[in-house]
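# Fold and contact review
Here's the letter readout for the chains.
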Amino acid sequence: MTEPGRISRRPLPDRAGLTDPAPTTYDVVIGLEVHAQLLTRSKMFCGCPTTFGAAPNSQTCPVCQGMPGVLPVVNRKAVELAIRTALAFGCRVNPACRFARKHYYYPDMPKNYQISQYEEPLAEDGHLEIDIDGAPRTIGIQRLHLEEDVGKLVHEGSLETAQASLVDFNRSGVPLMETVSKPDLRSPEEAATYLKAFRSVLLFLGVCDGNMEEGSLRCDANVSLRPRGSTTLGTKVEIKNLNSFRNVQRALEFEVRRQAQALDAGERIRQETRLWDADRGYTRSMRSKEYAHDYRYFPEPDLVPLRIDPRWVDEIRAGLPELPRARRQRFVAQYGLPAYDADVLTQSRALGDYYEAVLREPAASAGADRPKIVSNWVMSELLRVLPGDDERAIETSPIPPHHLAGLLRLIDDGTISGRIAKDVFQKMFDSREDAPTIVGREGLTQVADATALGGIVDSVMAANPKAIEDFRRGKTAAKKSLFGQVMKATGGKANPMLVDRLLEDKLSKIQR
Amino acid sequence: MIDRNDVEHVARLTRLALTEEELERMREQLNSILAHLDTLRGVDTEGVEPTSHAVDIVNVMREDVVEPCLPQEAMLANAPDRSGELFRVPRIIEE
Ligand SMILES: [Zn+2]
């Protein structure tokens, strides 16, 4: 968390190029603070594990409980993951940084101070490119720093009637990376888009699992309104508890309306922290007293400063993967995919990797449309059974890329029809077997024997004199009905192109 | 100079309930500490890098290795109040 005074007040970019005229006479100014739990095995300053879902208070020790006389020691991996993220956002990694104590009393924190960074954060001045209605926008990132997470409070009963709160300290001390955007976001929708793009970068980097439900990625927003065209910022309100993309957008939409109505009525906006109530769809004031933000930061005496070795930074930079936006653009340029496909396929690193792994497998016929065909299969079939933004689920897919490629080869060489292939896909998913095994065992090979099929076509035609008559009178739809009947008679296994050719052939003879 | 309001403010932030006598004593003590800082301010620090640490070392870090925790029961043993595996604390009024 940052002090309100620390958010930069530099002039905002002008509005040239922005398209959405807000329905009110106010400009919306939003900044997001994102907290991400880093994917380390142990905590930020002690060796306790970070596993989610363990028995309450089973993953703590004197260090993360702030017992007297203990000494915290910085987790090198956490620093590495934060530098990795900072570089991906083009931040300047400060050559020297240090930790600070942030004091406040709250039962989620037994030490009564949180170890965070204040005056000398790990990194500053980066940006994230996002696309708003197909147009690129650059959102500034003011700072990125490391801190420790706090424990989890559960209220006995509802918040209003609770007599007591229950505390689980497993989470306290888990490495947390806070990234503060500049107030560059201009609508609730932009804020949600920023958060999605942000999350996707973290997933690509492998620094955070991005699970908003479990709280490994959390978001607070600062929002203010100002008269259109004015450059002075309005009074800023902080909104907490935004635990999904949808809630970020809904909460901000509510808050923008609330502030606009207040301003319209000539009221002043109070600088305060408000809590989003997702069930009831509104934000309400947290009645914290005004001195609650007096955190009395001072340098953490138990931790020595960090002097970041530039060679370490270079090493981390060299290991950066291709980032979502670059990959999306490459998918469009290299494979000729529609922007929509590229968007879907790059929602996680694993999914993009999966797609390209299928493409690298040998194909029966390397047509120019193969990238799009593979994309269709991944989007409509694989993502029907697996969540595309879940790295683990995609990486451990019961249908590995070479199995999907094998299925597509069977379609290409005419062994099975596209329709049968969809059934085979489901069977492959259920059994983890490859396509040839299933097709062979279940006799799904399509009938591509002209003699055998010719006989079936003949008997279907003989059984449907009415359709033949209709065709003679010029009703071409009759051919479609006959086609359907042949397919039905073969249980969908007939080679559709061969059926079409045979029908065409036989019907043209009737006409003469 | 630190006045009584400052002492009351800091006491509230740290959740300390001070008696009248204690408030006055704290005010005097804090002022004498600040007076000492004034003495320190007189030292010539021209050309000396500011530091927040008395020891001249940097980059003390540990590898990301899991170590044994304190057993759950041991951790909960000191709880003034508990509910099963959880610490129980008075309701938070501020929220
Ligand atoms: Zn610990």
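Not measured: the values here are computed from a predicted model. Each chain has its residues counted from 1, following the order in which its sequence is written. Written order determines the labels here, with chains lettered from A and ligands numbered from 1. Only residues with pLDDT of at least 70 get local features here, since the model is predicted, and only at 80 or more are side-chain atom pairs given and counted; chain-wide, interface and lining totals rely on the full set of residues. To obtain the side-chain values, all non-hydrogen atoms of the structure were used and water was disregarded.

A word on the sheet that holds strand β3 (residues 86-90) of chain B. Strand pairing is assigned whenever DSSP identifies at least 2 bridges connecting the two strands. Put simply, DSSP marks the helices as runs of H or I at least four residues long and the strands as runs of E at least two long, and each gets a number from the N terminus on. Read across the open sheet, the four strands follow the order β9(A)-β10(A)-β3(B)-β2(B); overall the sheet is antiparallel. Looking at strand neighbours, the two that pair on one side only are β9 (152-155) of chain A together with β2 (82-83) of chain B, the edges of this open sheet. Where β9(A) lies against strand β10 (residues 164-168) of chain A, four bridges are found, and the strand directions are antiparallel. Paired with A:V154 across the two strands is A:L166, which belongs to β10(A).

Residues and elements named next belong to chain A. The zinc ion binds to the protein through C46 (SG), C48 (SG), C61 (SG) and C64 (SG); the donor distances cover 2.3 to 2.4 Å. For the zinc ion, the four donor atoms in the first shell make angles of 99 to 115 degrees at the metal, so the coordination geometry reads as tetrahedral. The donor set covers N, O and S atoms within 2.8 Å of the metal, switching to 3.2 Å for Na, K and Ca, and it leaves out water, so a site may look short of donors. Taken in sequence order, the residues that donate to the zinc ion follow the motif C-x1-C-x12-C-x2-C. You can see C48 sitting in the loop between β1 (26-37) and β2 (74-75) and its partner C64 sitting in the loop between β1 and β2, a full 16 residues away along the chain. Overall, the relative accessible area of 1% leaves C48 in the buried class. Between 85 and 135 degrees for all angles marks four donors as tetrahedral; over 155 degrees for opposite donors together with 65 to 115 for all other angles marks four donors as square planar and six as octahedral; every other arrangement is irregular. Only protein chains enter the accessibility calculation, which uses a 1.4 Å probe; a residue whose area is less than 20% of its type maximum is buried, one above 50% is exposed, and one in between is partly exposed.

This next bit is on helix α10 (residues 401-412) of chain A. Residues and elements named next belong to chain A. A helix is expected to span 1.5 Å for every residue after the first. Here α10 is twelve residues long and its end C-alpha atoms lie 17 Å apart, about the 16 Å a rise of 1.5 Å per residue gives. Those residues of α10 lying buried are P401, H403, L404, A405, G406, L407, L408 and L410. Positive backbone phi, approximately 85 degrees, marks G414, located one or two places after α10.

In this structure, A:N112 is a non-glycine residue whose phi angle is positive, near 70 degrees. Positionally, A:N112 belongs in the loop between β5 (100-103) and β6 (113-116). Residues other than glycine seldom take positive phi values, yet B:R15 does so here, at roughly 55 degrees. Within the secondary structure layout, B:R15 lies in the loop between α1 (4-13) and α2 (20-41). By relative accessible area, which is 43% here, B:R15 ends up partly exposed.

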